[in-house]
Amino acid sequence: MRLEYELEIRDLACSILPQGIGMDIGNGWLDIARDAVIGLVVASHGRVKVEKFGEKWGLLDIRPGVRGLDDDVIHTVYEITGQARSRSADICELCGRPGEIRRAGWHRVRCDDCEAEHVRRRQFETGNHQAIDEAVGYYVRVCLEHGRLFPVANIVMEAWPDDTDRRFFLDEVNDVVGWWRAGMQHRHLDEDLREEFRRLRFR
Ligand SMILES: [Zn+2]
C-alpha cells in the first residue's frame, strides 16, 4: 500500500493500530480499511487493539484484540471487521475496481485487468529484489535527511523500459517501506533508524 494511504489510516486509527502491526494490503482496499478503522475507533472508544491488518484467504483480515471490552462492544467490533471482510470480496485489492476472488495459486481478489498481470507482476518482484531493496534504502535515507516524507514515486527514479514495470516497482517499494516501518528487517537499513522514520510525515 502507498505510504500516503497507510499513514492516513494510521492517523485515523490513533492508538488502536500499533506502529509495529504492518498493514499488508493493496491500495484498492483503502476505502474499506478507512471505514473499518473509523468504525472500530468509534465503537470501542479507542480501546480495541488491532493485532493483525492484512489479507487472509484472499480477503481483508482485521483481527481485533478485544480484551476488557463489554460484550455489546465486542459484538459491534466483530460486525465491523466482518463487514470489511465481506466488502473486500468484491473489490480488487490492487486497484479498487470491481473484482472477484481468484483461486488459482494463492487466493486473491482481483479485477480482470490486474488478474491478467498477475504472473508478470510476480516475476517482476522476484526478478528485481536487489533493485527494489536498494530503492527502499535510498528512499528512507532521503526522507530522514530531509526530515519529512515524500511520495515514493518522487524519490525513486529508477528507469524501467515500460510503465507497467514502473508501476510494479513503485508498488513493491511502497510495500517494503511499509513492512520495514512496521518492524521487518531490511539489509540496507539499521533498526535504529526506524523510530525516527516513524515520526516523519508528508507535508
Ligand atoms: Zn484491479
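Please read these numbers as outputs of a predicted model, since none were measured by experiment.

Draft legend 1. Structural context of the overall build of the chain. Along the backbone of the chain there are nine helices and four strands. Ordered by position from N to C terminus, the α and β elements of the chain give α-α-β-β-α-β-β-α-α-α-α-α-α. Relative to its length of 203 residues, the chain is compact, with a C-alpha radius of gyration of 17 Å against a globular reference of 17 Å. Expressed as lengths along the three principal axes of its C-alpha atoms, the size of the chain is roughly 55 × 40 × 25 Å.

Draft legend 2. Region of the structure containing the domain arrangement of the chain. One can read the domain layout of the chain as domain 1 (3-110) and domain 2 (119-199). Centre-to-centre, using C-alpha coordinates, domain 1 lies 23 Å away from domain 2. Listed per partner, the contact involves eight residues of domain 1 and 10 residues of domain 2. Its residues assigned to classes, the side of domain 1 that touches domain 2 comprises three nonpolar, three polar and two charged.

Draft legend 3. Structural detail: the environment of K49. Relative to the helices and strands, K49 is located in strand β1 (residues 49-56). Residue K49 is classed as partly exposed on the basis of its 19 C-beta neighbours within 10 Å. Separated by 33 residues in sequence, K49 and I16 place their C-alpha atoms 4.6 Å apart. Those residues in contact with K49 that sit more than four places away from it in its chain are I16, P18 and G65.

Draft legend 4. Representation of the packing of helix α6 (residues 129-146) against helix α8 (residues 163-182) in the model. Interhelical geometry of α6 versus α8 gives an angle of 60° and a closest axis separation of 9 Å. With respect to their mutual orientation, α6 and α8 come out oblique. α6 and α8 meet at a crossing whose hand is right-handed. On α8, the residues touching I132, A135, V136, Y139 and V140 of α6 are F169, E172, V173, V176, V177 and W180. In terms of residue class, the contact of α6 with α8 is made up of 10 nonpolar, no polar and one charged.

Draft legend 5. Up close: unusual backbone geometry. One non-glycine residue with positive phi stands out, namely C14, at about 50°. Looking at the secondary structure, you find C14 in the loop between α1 (3-13) and α2 (30-44). One non-glycine residue, W57, lies in positive phi territory at about 50°.

About the cut-offs
Residues numbered from 1 in each chain as written. Predicted model: local features only at pLDDT ≥ 70, side-chain atom pairs only at ≥ 80, totals over all residues. Helix = DSSP H or I, 4+ residues; strand = E, 2+ residues; numbered from the N terminus. Rg over C-alpha atoms; globule rule 2.2 N^0.38 Å. Domains from an automatic or database assignment. Contact = placed C-beta atoms within 7 Å. Nonpolar A, V, L, I, M, F, W, Y, C, P; charged D, E, K, R; others polar. Buried ≥ 20, exposed ≤ 12 C-beta atoms within 10 Å, placed from the backbone. Axes fitted to C-alpha atoms, helices over the stretch in contact; angles between N-to-C directions. Parallel < 35°, antiparallel > 145°, perpendicular 65-115°, else oblique. Left-handed = near helix turned anticlockwise from the far one by under 90°.

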